[in-house]
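# Fold and geometry: a report
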Amino acid sequence: MESRARSDPKTKHTASRGNLTSVVLIGLLVCLGLICIHSAWSSGPVLPSVAFRGGGRDGSGSAFGGGYAEVDGLAEDQEWNPRVPRSIPVCDLQYSELIPCLDRNLSSQLRLKLNYDLMEHYERHCPPPERRFNCLIPPPIGYKVPIRWPASRDEVWKVNIPHTHLAKEKSDQHWMEVRGNKINFPGGGTHFHEGADKYIIALARMLKFPSDRLSNGGNIRNVLDVGCGVASFGAYLLSHNIMAMSLAPNDVHQNQIQFALERGIPATLGVLGTRRLPYPSRSFELAHCSRCRIDWNQRDGILLLELDRVLRPGGYFVYSSPEAYAIDEENRRIRSVMYDILKRMCWNVVSKKDQTVIWAKPLNNQCYLMKAPRSQPPLCNSEDDPDASWNVLMKPCITPYSARMHAQKGSGLEPWPKRLTAPPPRLEELGVTFSEYRNDTDAWHYRVNEYWKEMQTVIGRNSFRNVMDMRSNFGGFSSALKDKDVWVMNVASVEEYKKLNIIYDRGLIGTVHDWCESFSTYPRTYDLLHSWRVFSDIKQRNCSMEDLFIEMDRILRPHGIIIIRDKPQIINYIRKFLTALRWDDWVSEVDPRVDALTSGKERVLIARKKLWDYGLR
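Conventions used here
- One numbering rule holds for all chains: residues counted from 1, following each sequence as written.
- Residues qualify for local features only when their pLDDT is at least 70, as the model is predicted, and side-chain atom pairs are given and counted only at 80 or more; totals for whole chains, interfaces and linings, by contrast, use all residues.
- The side-chain figures draw on all heavy atoms in the structure; neither hydrogens nor water molecules are used.
- By the criteria applied, helices consist of DSSP H or I runs no shorter than four residues and strands consist of E runs no shorter than two, each listed in order from the N terminus.
- Should any heavy atoms of two residues lie within 4.5 Å, those residues are counted as being in contact.
- The protein chains shown are the only cover counted for residues, whose accessible areas, like all others here, come from Shrake-Rupley with a 1.4 Å probe.
- Known as pLDDT, the predictor's confidence for each residue is given on a scale from 0 to 100.
- In this analysis, axes come from line fits to C-alpha atoms, helices being fitted only over the stretch in contact, and the angle between any two N-to-C directions falls in the range 0 to 180 degrees.
- Our angle categories are set so that under 35 degrees counts as roughly parallel, over 145 as roughly antiparallel, 65 to 115 as roughly perpendicular, and the remainder as oblique.
- Note: crossing handedness is left-handed where the near helix turns anticlockwise from the far helix by less than a right angle, and right-handed where it turns clockwise.
- Throughout this entry, Asp, Glu, Lys and Arg are counted as charged residues, while Ala, Val, Leu, Ile, Met, Phe, Trp, Tyr, Cys and Pro are counted as nonpolar. The remaining residues, Gly among them, count as polar.
- How far a helix is expected to stretch is found by multiplying one less than its residue total by 1.5 Å.
- When accessible area is computed with a 1.4 Å probe and restricted to protein chains, residues below 20% of their type maximum are described as buried, those above 50% as exposed, and intermediate ones as partly exposed.
- Note: the arc covers the axis-to-C-beta directions of the helix.
- Site definitions follow a grid-based scheme: protein atoms alone, a 1 Å grid, a 1.4 Å probe that fits but cannot get out for cavities, and for pockets an open set with protein on both sides within 12 Å along at least five of seven lines, plus lining residues having an atom within 4 Å of a point.
- Grid points are joined across faces, edges and corners, and a volume is the space filled by probe spheres set on the points.
- Here the rule is simple: two strands pair whenever DSSP picks up at least two bridges between them.
- Among buried residues, the Ala, Val, Leu, Ile, Met, Phe, Trp, Tyr and Cys ones that are joined through side-chain atoms within 4.5 Å form a nonpolar core.
- What counts as a disulfide here is a pair of cysteine sulfur atoms lying within 2.5 Å.

## Focus: the overall build of the protein chain
Tallying secondary structure elements over the protein chain gives 19 helices and 19 strands in all. A fraction of 71% describes how many contacts in the protein chain between residues 6 or more apart in sequence connect residues 24 or more apart. A total accessible area of about 27300 Å² is found for the protein chain, and carbon and sulfur atoms account for 52% of it.

## Description of the confidence of the model for the protein chain
Looking at the protein chain, pLDDT values average 86 and 84% of them are 70 or higher. This model gives residues 1–21 a pLDDT under 50, and the stretch forms 3 contacts once residues within four places in sequence are excluded. A low-confidence stretch, residues 34–80 stays under pLDDT 50, and its non-local contacts, those more than four residues away or across chains, total 101 contacts.

## What to know about the packing of helix α8 (residues 298–310) against helix α9 (residues 329–344)
Any two packed helices are characterised by the angle at which their axes cross and by the distance between the axes. It is the contact of α8 with α9, at a shortest axis distance of 10 Å, that shows an interaxial angle of 60°. Relative to α9, α8 is oriented oblique. α8 and α9 meet at a crossing whose hand is right-handed. Facing Asp-300, Gly-301 and Leu-304 of α8, the residues of α9 in contact are Met-338, Ile-341, Leu-342 and Arg-344. Residues of the contact of α8 with α9, tallied by class, amount to 4 nonpolar, 1 polar and 2 charged.

## Focus: α9
In a regular helix each residue adds 1.5 Å, so 16 residues correspond to 22 Å; α9 covers 23 Å between its end C-alpha atoms and thus fits that length. Along α9, the positions that sit buried rather than exposed are Arg-335, Met-338, Ile-341 and Leu-342. Projected onto a plane normal to the axis of α9, the buried residues spread over an arc of 120° and lie on a single side. Seen from the open side of α9, the exposed residues pointing more than 90 degrees away from its buried face are Glu-329 and Lys-343. On its buried face, α9 is in contact with α8, β10 (311–320), β11 (348–353) and β12 (356–360). Just downstream of α9, Cys-346 is the residue with a positive phi angle, here 75°.

## Describing the packing of helix α17 (residues 545–555) against helix α18 (residues 568–575)
Close contact between α17 and α18 brings their axes to 12 Å; oriented N to C, the two are set at 60°. Of the two possible hands of crossing, α17 and α18 adopt the one that is right-handed. Where α17 abuts α18, its residues Met-545, Glu-546 and Phe-549 lie against Ile-570, Tyr-573 and Ile-574. Among the residues making up the contact of α17 with α18, the classes are represented as 5 nonpolar, no polar and 1 charged.

## Some words on empty space enclosed by the protein
What the rule picks out here adds up to 7 cavities of 30 Å³ or more. Taken as a whole, the largest cavity holds about 360 Å³ of empty space. Lining the largest cavity are 22 residues; nearest its centre among them are Arg-124, Leu-269, Gly-270, Pro-278 and Ser-520. Elements supplying a minimum of two residues to the lining of the largest cavity: β8 (267–269) and β15 (509–512). A class-by-class count of the residues in the lining of the largest cavity yields 11 nonpolar, 7 polar and 4 charged.

## Concerning the pairing of β12
Buried residues dominate β12, accounting for 5 of its 5 residues. Because side chains alternate across β12, one face comprises the buried residues Thr-356, Ile-358 and Ala-360, and the other comprises Val-357 and Trp-359, equally buried. Note that β10 and β12 share 5 bridges and pair antiparallel. Directly across from Phe-317, in β12, lies its bridge partner Trp-359. Where β11 folds back onto β12 in an antiparallel hairpin, the turn is made up of 2 residues, including Asp-354, whose phi is positive at roughly 55°.

## Quick word on unusual backbone geometry
With an omega of 10°, the peptide bond between Trp-149 and Pro-150 qualifies as cis. Tracing the sequence through the fold places Pro-150 in the loop between β2 (132–133) and β3 (155–157). Here the amide bond leading from Trp-416 into Pro-417 is cis, since omega sits at 10°, within 30 degrees of zero. Take Pro-417: it is sitting in the loop between α11 (403–408) and α12 (427–430).

## A few points about the nonpolar core
Counting 117 residues, the largest nonpolar core has Leu-214, Leu-224, Trp-296, Phe-317, Met-468, Trp-515 and Phe-535 as its most contacted members. Apart from the residues lying within four places of it in its own chain, the contact partners of Trp-515 are Met-468, Met-470, Val-491, Val-534, Ile-538, Leu-548, Glu-551 and Ile-555. Grouped together as the second largest cluster of nonpolar side chains are 22 residues, Ala-443, Tyr-451, Met-455 and Ile-606 included.

## Considerations on the state of the cysteines
With the rule as written, the count across this model stands at 6 disulfides. Shown here is the disulfide that connects Cys-91 with Cys-135, its sulfur atoms set 2.0 Å apart. Taking the sign of the torsion about the S-S bond as the criterion, the disulfide between Cys-91 and Cys-135, at about 95°, is right-handed. Here Cys-91 is found in the loop between β1 (52–53) and α3 (104–109), whereas its partner Cys-135 is found in the loop between β2 and β3, with 44 residues between them in sequence.

See the structure below:
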């Protein structure tokens, strides 16, 4: 049989065809295996300890290997289940203070052509998709849970921010002092060596406010402190029921904003450079600069015009400089030019003492209307939106008041605390009814109470100080926390930036931000993050939910809490990553009741981040 088979041409042809088929099948199996190995290698959970990756808004190159999973019907459809890693790699310790969009090393590596004279190197420059980090930012070796408020106002653990440069450089100004394993903050500043508390009282006296209270009966509530140092001015304003947005760049003064946030003081990274500050027009009653190293005269006063944009009618600008400047010829010239610019802006000096001068912005348009044609600076044209502030260049013009504000000579706001719940005048500009506004306030009051009931077994007194509402709407979440000793950074999306008007009119603070990018803050600066439909929003915009996981982990303190309220499909998806993110120290998931804000089925996921040590990765 064998011999006949070999010599039979028909049989030989059949055998050859069978062998060829086998070879083809084996080849296909080998190719398929190589493809699977390549896929597992390139997108699987095994990643280097710190790496850049490809990918972007189209979802390619996800750090988690799943790309952008379509989450609709995720629980039922296994095809869309992500490949969840058991752990996410940890970045190298050198990145423990990484701020992705304010990383000057990255700007240098990318060879960005920045104007240093205009402070562009301190503005936001986010990494391209292929240079985003896909690892968790580690805490410094020996990191401790921060000292709780109110004790944290005066002292923090040195190990959490191991930088003592400022203590030496500003030793004569009493910014901070190193004492054993802690850093203490005596309350001093560049212009108030004897303490911010005494300086604040002195300002109130200069303005002849009742009872030496800078709040002026609740009429001054929101303050912008530019070049704030370690924010002691903002810290001591809190006892006056004044909320300051303390602002400074990530510059040579090592980690000043990180110190402020570690202390539990409202603060953020930012700079007066070429772009508008991320706040709407008419947000602050007072702006403050105490030797803040800002060249106010540059570009014919465009930075002063930016202050004009964010100040309310009648708002004050307090400018203090060291006593030595009074006899320095160059600084006397600078101040003279500054006076001229502010006069042309229709601002008036209302008080002056030694090296501190206070200007006031006009209450109406009368002065502007009396200016000669083509005088500088000009009025902004009607097409300019004074509230647009996300990546918007500063405008060299004055924003006039509306006819209504011109007639009433002011913002029409109630004094604090009444303004927290009173309907803001700018509701009408947004087309929001009082009923909608009240429903938002009532709904969030109930929701926040339910959150706290759910967390009562794992939180103690003063567990939270720095809180962020990642999609603030009208500020109802923040308003519901009024009786708790916390402050809230309210965040409005780029599409909903007009709602920040309401936030500031209520006496709260906030910023506009695009959650497809990293937030401008140091790692480990918030105790609680609240996310209401933020994940649904970025999914609709084809941004990465996985990137947002890593960003939330970066800015959340160990033992911090995440509250995510979103569609059930989204919650199902997020829940799969809790262990890999180390957000499983304590977890709760509930079905909330339907209320006036409900526009579809929602679930609430609450999780606590573990405290982990870099050495025990």
